[in-house]
Amino acid sequence: MAEGFLMEVCVDSVESAVNAERGGAARLELCSGLLEGGLTPSLGLLQILKQYVKIPVYVMIRPRSGDFLYSDQEVEVMRKDIELMKIHGADGLVLGALTEDGRVDAELCMELLAAARPLPVTFHRAFDMVHDATVALETLVSLGFQRVLTSGCDSSALEGLPLIKRLIDQAKGRITIMPGGGITERNLQRILEGSGAQEFHCSARSSRDSAMKFRNSCVSMGASFSAPEYSLKVADVSKVRTFNAIAKNTL
């Protein structure tokens, strides 16, 4: 890992986790459903993955795709997932919740942070859906989140770069602002130099063809917008190394 920059890679498999660590990632965000923005992974995945990697693993706590306005039953699920992920080796957690008017749900987040203690917690990209990012950041600081993952409330971290820089200036070191969303080898240097961020979040994935020889092209296991049935996306060691090299050269 380049001194001065910390790279977090989001992964959804043991293979991706191993590749990310080999490539130089300093931390993992463990999810399922990356096509849906990341959902809570299985306990089995966490337990086996922890046997293969040594770097910290932060686990996503998100019970479903869609918005970040949660029902009482969904909150019960989140609390139980936090309890179980802590027991089974999570090094940190990633979560977030909003009110119906687009503010950070401070009451619920306080409850979830209490359940998460003593683990560090990142507020995820629910932040990018808030009504007022400046106000939301102050709320996260007061609640005690360690960091916030954000694309600058835009379609990608590159598009949201001006806001990311303003948030880092506003934070003044009280909370870590971690750019994420559409970060590639082509735009990483510009994002790091333009924002002043010390951490960044990426997937660094490549597509790999399935090893299946028999294929039924008439059936898909997901909706029409889901990934091709016989194509796998996996964190790519060489891509992770390239990100590391770019970060090092940005110093």
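Look up a bit, the structure's there.
Procedures and definitions
Residues numbered from 1 in each chain as written. Predicted model: local features only at pLDDT ≥ 70, side-chain atom pairs only at ≥ 80, totals over all residues. Heavy atoms only, no water. Axes fitted to C-alpha atoms, helices over the stretch in contact; angles between N-to-C directions. Helix = DSSP H or I, 4+ residues; strand = E, 2+ residues; numbered from the N terminus. Left-handed = near helix turned anticlockwise from the far one by under 90°. Contact = heavy atoms within 4.5 Å. Nonpolar A, V, L, I, M, F, W, Y, C, P; charged D, E, K, R; others polar. Buried < 20%, exposed > 50% of the residue type's maximum accessible area, 1.4 Å probe, protein only. Polar contact = N/O pair within 3.5 Å; in protein donor to acceptor, adjacent residues only side chain to side chain. Parallel < 35°, antiparallel > 145°, perpendicular 65-115°, else oblique. Pairing = 2+ DSSP bridges.

(A) Representation of the packing of helix α7 (residues 188–195) against helix α8 (residues 237–250) in the model. Put simply, α7 and α8 touch, their axes get as near as 9 Å, and they point 35 degrees apart. When the axes of α7 and α8 are compared, the crossing they make is right-handed. Facing Leu188, Gln189, Leu192 and Glu193 of α7, the residues of α8 in contact are Phe243, Ile246, Ala247 and Thr250. Tallied by class, the residues present in the contact of α7 with α8 amount to 5 nonpolar, 2 polar and 1 charged.

(B) View of the side chain of Glu8. Following the sequence through the fold, Glu8 ends up in strand β1 (residues 6–11). For Glu8, a relative accessible area of 1% corresponds to the buried category. A distance of 2.6 Å separates the side chain of Glu8 from the side chain of His201, its partner in a polar contact. Aside from chain neighbours lying at most four places away, what touches Glu8 is Arg27, Leu28, Glu29, Met178, Phe200, His201 and Cys202.

(C) Summary view of the packing of helix α6 (residues 161–171) against α7. The contact between α6 and α7 brings their axes to 9 Å, and the two run at 40 degrees. Taken together, the axes of α6 and α7 are oblique relative to one another. Handedness of the crossing formed by α6 with α7: right-handed. Contact residues: α6 offers Leu161, Ile164, Lys165 and Ile168, while α7 offers Arg190, Ile191, Gly194 and Ser195.

(D) The arrangement of the sheet that holds β1 in detail. Taken in spatial order, the 8 strands line up as β7-β6-β5-β4-β3-β2-β1-β8 in an open sheet, and their pairing is parallel. A single partner strand is all that each edge strand has here, and the edge strands are β7 (176–179) and β8 (199–202). Sheet twist, expressed as the average angle between the axes of neighbouring strands with direction ignored, equals 25 degrees. Here 3 bridges tie strand β2 (residues 27–30) to strand β3 (residues 57–60), and the two strands are oriented parallel to one another. By the bridge assignment for β3, Leu30 is matched with Val59.

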